[in-house]
Amino acid sequence: KNTLTMWPWQSSSFVPRFAVTKIFDDTHVKLLISQSFRAPVVMNISGDYAYRQAAIDVDPLAKPAKLVPENTNNYEIELGQRFTDNFFGTLNAYYIKINDPIIYIYKDLPDDKVLEGYYNEKKAGTQGLEGEFVFRQNQIQANLNFSYFEAVNNEVEVYKVSHFVNDSTTSFEKNKVLALPKFR
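Undergrad: Describe the side chain of Asn74, and please don't skip the residues or the numbers.
TA: Note that Asn74 resides in strand E4 (residues 70-82). Taking relative accessible area as the criterion, Asn74 reaches 15% and is therefore assigned buried. Polar contacts involving the side chain of Asn74 include one to the side chain of Glu76, which spans 3.0 Å. Asn74 has contacts with Leu32, Ile33, Ser34, Tyr95 and Ile96, leaving out every residue within four places of it along the chain.

Right, here's the structure in full:
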């Protein structure tokens, strides 16, 4: 499915979606590839204006960029298996890349001034695995699921766990993001 989305304050955005499912007896494979975008809402736009004005007040030569929509590329593959009539499971792997993520900032400045608003960062992303096993019989259902993910290609400084990162930090440690557990 291809969708052309129009946004009155910006140019159009083409966000294609593609999905294929193949079933082999009790096994299925699903491939999903999609794009999406998130346009700034009115609150983001007013915050964007305030942020740009505050940035110029702090540094009159600053030329902060206008807020643009964030664009996301999503790639997923799912494998599923029906073990019995009552028991089945799925395993899903994904990779998500966000270009121009919209970020909120609040920063105290000298002379009781505040830098607050929205701006775009370069990119961020995540990748991971999710699995689920489901048992259903009559009116009984039991689910067991797990999830593992990590941040990848994260260039959003305010999301990084910066006080833990140094030259000897492993890539596993560098891909941590504030407030997001790696396992659920």
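Now that the structure has been shown, the text picks up again.
Undergrad: Could you give an account of the environment of Pro40, naming the residues involved and the relevant values?
TA: By the secondary structure assignment, Pro40 is in the loop between strand E3 (27-38) and helix H1 (42-58). When the C-alpha positions of Pro40 and Tyr119 are compared, they lie 9.9 Å apart, and in sequence the two are 79 residues distant.

Undergrad: Report on unusual backbone geometry, specifying residues and quantitative values.
TA: The residue Asp100 is not glycine, and still its phi comes out positive at about 55°. Position of Asp100 relative to the elements: it lies in the loop between strand E5 (87-99) and strand E6 (102-109). Its identity as a non-glycine residue notwithstanding, Asn138 has a phi of 55°, on the positive side. By secondary structure assignment, the location of Asn138 is in the loop between strand E8 (123-137) and strand E9 (140-151).

Undergrad: Which residues make up the pattern of salt bridges, and what values do they have?
TA: Tallied over the full model, the rule gives three salt bridges. Between Glu70 and Arg38 there is a salt bridge, and its shortest N-O distance comes to 3.2 Å. Here Arg38 lies in strand E3 and Glu70 lies in strand E4, a separation of 32 residues in the sequence. Among the ionic pairs, Glu155 bridges to Lys123, the shortest N-O distance being 3.8 Å. A residue pair is termed long-range when its members are at least 10 positions apart, and Glu155 in the loop between E9 and helix H2 (171-174) and Lys123 in strand E8 qualify at 32 residues.

Undergrad: Please set out the pairing of E5 residue by residue, giving values where relevant.
TA: The pairing of E4 with E5 spans twelve bridges and is classified as antiparallel. Within the sheet, the bridge partner assigned to Glu78 lies in E5 and is Asn92. Between E4 and the antiparallel strand that follows it, E5, lie four residues.

Undergrad: How would you explain the packing of aromatic side chains if you had to name every residue and give the values?
TA: Taken as a whole and assessed by the stated rule, the structure comprises three aromatic pairs. With centroids separated by 6.3 Å and ring planes inclined at 25°, the aromatic side chains of Tyr75 and Tyr95 adopt a geometry described as stacked. Pair noted here: Tyr75 is in strand E4 and Tyr95 is in strand E5, with a separation of 20 residues, a long-range link. With a relative accessible area of 38%, Tyr75 lands in the partly exposed category.

Undergrad: I'd like a description of the environment of Ile23, backed by residues and values.
TA: With respect to the helices and strands, Ile23 occurs in strand E2 (residues 13-24). In this structure Ile23 comes out as exposed when scored by relative accessible area, which is 60%. In sequence terms Ile23 and Leu79 are 56 residues apart; their C-alpha atoms lie 10.0 Å from each other.

Undergrad: I'd like to hear about a nonpolar patch on the surface, residue by residue, with values.
TA: A surface patch of nonpolar side chains, amounting to about 900 Å² of accessible area, comprises Leu79, Phe83, Phe87, Leu91, Leu129, Phe133, Phe135, Ile140, Leu144 and Phe146. Of all elements in the fold, only E5, E8 and E9 reach the threshold of two or more residues within the nonpolar patch.

Undergrad: Got a sec to walk through the confidence of the model for the protein chain? Specific residues and values, please.
TA: The share of residues in the protein chain with pLDDT of 70 or more is 66%, and the mean pLDDT across the chain is 78. The secondary-structure element of the protein chain with the lowest mean pLDDT is strand E1 (residues 2-5), recorded at 47, while E5 shows the highest, at 96. A low-confidence stretch, residues 1-7 (pLDDT under 50), is modelled with 21 contacts involving residues beyond four sequence positions or located in other chains.

Parameters and conventions
- Residues numbered from 1 in each chain as written.
- Predicted model: local features only at pLDDT ≥ 70, side-chain atom pairs only at ≥ 80, totals over all residues.
- Heavy atoms only, no water.
- Helix = DSSP H or I, 4+ residues; strand = E, 2+ residues; numbered from the N terminus.
- Buried < 20%, exposed > 50% of the residue type's maximum accessible area, 1.4 Å probe, protein only.
- Polar contact = N/O pair within 3.5 Å; in protein donor to acceptor, adjacent residues only side chain to side chain.
- Contact = heavy atoms within 4.5 Å.
- Salt bridge = Lys/Arg side-chain N within 4 Å of Asp/Glu carboxyl O.
- Pairing = 2+ DSSP bridges.
- Phe/Tyr/Trp six-rings, centres within 6.5 Å; stacked < 30°, edge-to-face > 60°.
- Patch = residues over 30% accessible without salt bridge, like charges linked within 9 Å, V, L, I, M, F, W, Y side chains within 5 Å.
- Areas by Shrake-Rupley, 256 points an atom, 1.4 Å probe, with all protein chains shown as cover.
- pLDDT = per-residue confidence, 0-100.

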